[in-house]
Amino acid sequence: MSEQLKKAKHIDVDEKSKLSDLEEFREYPEGQFLTTNQGVRVSETDMSLKAGERGPTLLEDFHFREKLTHFDHERIPERVVHARGTGAHGYFECYESMAEYTMASFLQEAGKKTPVFVRFSTVVGFRGSADTVRDARGFATKFYTEDGNYDLVGNNIPVFFIQDAIKFPDLVHSIKPEPDDEMPQASAAHDTFWDFVASHHENAHMIMWLLSDRGIPRSYRMMQGFGVNTFRFVNKAGKGRFVKFHWIPKLGVHSLVWDEAQKLAGKDPDYHRRDLYEAIDAGHYPEYELAVQIIEEADEQKFDFDLLDATKIVPEEQVPLKIIGKLTLTARPDNFFAEVEQVAFCPANVVPGIDFTNDPLLQGRLFSYLDTQLIRLGGPNFHEIPINRPLAPYHNNQRDGYHRMTINRGKSAYFPNTVGNGDPRPASREERGYVHYTEKVEGKKIRARSDSFKDFFSQATLFWNSMTGPEKTHIVKAFHFEVGKVKSLEIRQRVTDMFANVDPELGRMIAEGVGVKVPAPKAPQKKSKLDKSPALSQLNKVPDTIVGRKVAILAAEGVKASEVEQMKKAVKTAGASAEVVSKVQGLHKGSDGGEVMVDKSYVTTGSILYDAVFVPGGKQSVETLKSHGDAIHFLNEAFRHCKPIGAMGEGVDLIKASAISGVSISGEGKGGIVSDKGVVTARDETDLIAFFERFRKAMAQHRHWDREKKEAVPA
Ligand code: HDE
């Protein structure tokens, strides 16, 4: 790969980078002739070959037939779940040697870098569905290690709906659009799903997460990832320990609000995809630290839940997280189909040092992923597709099949052989051959669930108790939406009764919103050892950063151009970006001589596409904005979505003209600042740096939830 290309792709991984591996497959059409797939140059591609100008098209037009035939076969089946997604290249860097726990080569030394490809996804929607729907998000990482590919196929929620993989088709059928009319798209808010939930109390914990703010992330860059299932680390001496995987985003965990998420689905269905690529293009590479919880085998029975039950977390307060490395996403794919659509993850893709447990959900997953790729990617050779090829060399006696790329040499395709010198031959543990963990297993063949899996509510209650006030309110509102859309009153009642087991007050609040009876008092359920796990609330750990956020600057003719300029600069320095929004696109003359270029008009954007709004001064500009219903709506909506709003000079008058004024601006502070936490104003202040610092702090907070009570402001 050329130095120039390396630079363009921001490659930080030496020599054996995945990107250099892909290089031999890249096409560079610049300056090339158009050819057929056989390499024959084409002289005409707009008109088919006909018998006479108005006559029939001729069969001998091989270019026409090849072009149409290829087009006719362009689609492959979308993923049965996680169809909607996006991906990026990057690398993983190990912080410290984990040799004591695992022999995985990519975790052996501090500073070691391993190329990765990550795919983020929603679960339920079809491939063309919107990014911001309420759903779990997939967070799948392929590590191209020197010992072969390792796939950590996780989600942004640490638990799952069900305990046994045999229930997966039932779960997915119930949550997908209903079979008779194929509605609704990318939504759990319908009868069949909630019928399934009410029939499977093991769902309770997952539903609490799904209906919390975790179900509507602000960005893929701002969500956690979890391996969900319990895995095993195995060291060189063959000693095994249980391990749970966590990804922790450096930007903190942030979410949208539900009204905003729904509107975004219409205004920009590609919102998360765009956000990821814009951040990478701007050099704000998304970063996530990898943390593990390691549990000695001797401690397996010490918990008040079963470690093999994927509906349970291991609370951080019981087993602390150990941060062992960092993932950085540095490059978007060149071609969406070739990379994001064709990438094939599989939890069974492990390397020496990482092994499985008997978690029945994991055991089923180990089968399903390879199986699904066979139909989706059309045969057994999908590992040869560039994005799936390991960097580690591969040799075996597997042969033929559709679209075989490798030209296997030699006479023998069997083992053991003498004609081929016995090669390729198995490797011993010392030669880094994969040796399965020798776990003692004993038991009768039986279709049953262990009693240790039968506690369905204790951790759902733990989650509920660990939420802050605003987070609890969001969960209740989400129930009102989701269950409120269920047509059957009987199902609504069953769901409400079920969640009264989590907390009677929650049951009462759900009932009040969906028109069913308040559940009768329940027999007490098993309780978690912990009353609360503060680590579960995303509001408890908000980092002081605005990297990658977006600010809208509302302006019209006569705006104070210097304030716009300064704000743009300050925002950029803090790692965020700003766009000027006005009635129409073009140039505005400033009141102080300069000019301001409008980036977006009200028609092409909306407050929902920004994290904060700033109104600069300039009397003429503000007077005009006051007459723009869209500008007033912009402010009201941003306020209602609890976003920071800043205004300087006459800009404060626009806030006063909006619905915010009556409910929010509470008094003059020092230096002319009027502030209601997220509303930062400076009528007279000329020190933009000081003003900006207040505004930045309000932005770092992300949302100002105390405003939610102010329902008088329209959105
Ligand atoms: Fe998956 N899952 N899953 N899943 N899953 C798939 O594989 C499956 C589960 C997850 O970006 C499928 O390639 C079973 C848990 C992600 O390409 C399929 C069970 C977790 C992705 C499949 C589960 C996940 C998938 C569909 C047991 C979080 C997208 C397409 C009940 C740890 C990967 C495909 C990508 C995809 C089966 C449960 C995560 C059908 C049987 C738990 C991130 O094989």
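Before reading further, recall that the structure is shown in the block above.
Report follows, based on the coordinates. Computed from a prediction, not measured in an experiment: that's the story for all the values here.

Parameters at a glance
- Residues numbered from 1 in each chain as written.
- Predicted model: local features only at pLDDT ≥ 70, side-chain atom pairs only at ≥ 80, totals over all residues.
- Heavy atoms only, no water.
- Near = heavy atom within 4 Å.
- Polar contact = N/O pair within 3.5 Å; in protein donor to acceptor, adjacent residues only side chain to side chain.
- Helix = DSSP H or I, 4+ residues; strand = E, 2+ residues; numbered from the N terminus.
- Nonpolar A, V, L, I, M, F, W, Y, C, P; charged D, E, K, R; others polar.
- Axes fitted to C-alpha atoms, helices over the stretch in contact; angles between N-to-C directions.
- Parallel < 35°, antiparallel > 145°, perpendicular 65-115°, else oblique.
- Left-handed = near helix turned anticlockwise from the far one by under 90°.
- Contact = heavy atoms within 4.5 Å.
- Core = buried A, V, L, I, M, F, W, Y, C linked by side-chain atoms within 4.5 Å.
- Buried < 20%, exposed > 50% of the residue type's maximum accessible area, 1.4 Å probe, protein only.
- Domains from an automatic or database assignment.
- Donors = N, O, S within 2.8 Å, 3.2 Å for Na, K, Ca; no water.
- 1 Å grid on protein atoms, 1.4 Å probe; cavity = no way out; pocket = protein on both sides within 12 Å on 5 of 7 lines; lining within 4 Å.
- Points joined across faces, edges and corners; volume = space filled by probe spheres on them.
- Arc of directions from axis to C-beta.
- Salt bridge = Lys/Arg side-chain N within 4 Å of Asp/Glu carboxyl O.

The environment of the ligand is made up of 23 residues, and the closest members are Arg79, Arg119, Ser368, Tyr369 and Gln373. Between the ligand and the protein, one listed contact pairs a nitrogen atom with a side-chain N or O atom of His82 at 3.4 Å. Residue Tyr369 places a side-chain N or O atom 2.7 Å away from a nitrogen atom belonging to the ligand. Looking at the shell around the ligand, the elements with two or more residues in it are β3 (137-145), β4 (148-155) and α10 (360-376). For the shell around the ligand, the class distribution of residues is 12 nonpolar, eight polar and three charged.

Here helix α12 (residues 469-484) crosses helix α14 (residues 504-514) at 45 degrees, and the two axes come no closer than 9 Å. Accordingly, the angle class assigned to the pair α12 and α14 is oblique. For the pair α12 and α14, the crossing hand works out as right-handed. In contact with Val476, Phe479, His480, Val483 and Gly484 of α12, α14 contributes Leu506, Met509, Ile510, Gly513 and Val514. Of the residues assigned to the contact of α12 with α14, the class counts are seven nonpolar, three polar and no charged.

The biggest cluster of nonpolar side chains holds 53 residues, and the ones touching the most others in it are Phe161, Trp194, Met208, Phe479 and Phe499. Residue assignment for this core shows that the elements contributing at least two residues are α4 (168-175), α5 (191-199), α6 (204-210), α11 (458-466), α12, α13 (489-499) and α14. The dominant element in this core, judged by the number of residues it contributes, is α6, at six residues. Residue contributions to this core reach at least three from each of two domains, namely domain 2 (85-388) and domain 3 (456-540). Counting 51 residues, the second largest nonpolar core, distinct from the first, contains Leu22, Leu107, Phe245 and Val340.

Attention shifts here to the coordination of the iron atom of the ligand. Here the protein supplies the iron atom of the ligand with just one donor, Tyr369 (OH), and that contact is 1.9 Å long. Relative to the assigned elements, Tyr369 resides in helix α10.

Another aspect to go through is empty space enclosed by the protein. Unfilled space is identified by rolling a water-sized probe across the atoms. Tallied over the full model, the rule gives four cavities of 30 Å³ or more. Reported here for the largest cavity is a volume of approximately 170 Å³. In terms of residue count, the dominant contributor to the lining of the largest cavity is strand β7 (residues 240-249) (three residues). There are two domains that each give the lining of the largest cavity at least three residues, and those are domain 2 (85-388) and domain 3 (456-540).

Regarding helix α16 (residues 619-626), the residues found buried are Ser621, Val622 and Leu625. Burial along α16 is one-sided: seen end-on, the buried residues are contained in an arc of 95 degrees. Buried residues along α16 sit in contact with β11 (550-554), β16 (612-615), α17 (629-640) and α18 (651-657).

Taken as a whole and judged by the stated rule, the model has 49 salt bridges. Between Asp275 and Arg221 there is a salt bridge whose closest N-O contact spans 2.8 Å. In this pair, Asp275 sits in helix α8 (residues 271-281) while Arg221 sits in the loop between α6 and β5 (225-226), placing the two residues 54 residues apart along the sequence. We classify Asp275 as buried; its relative accessible area is 9%. One connected set of salt bridges, linked through shared partners, spans Arg84, Asp131, Asp268, Asp270 and Arg274.

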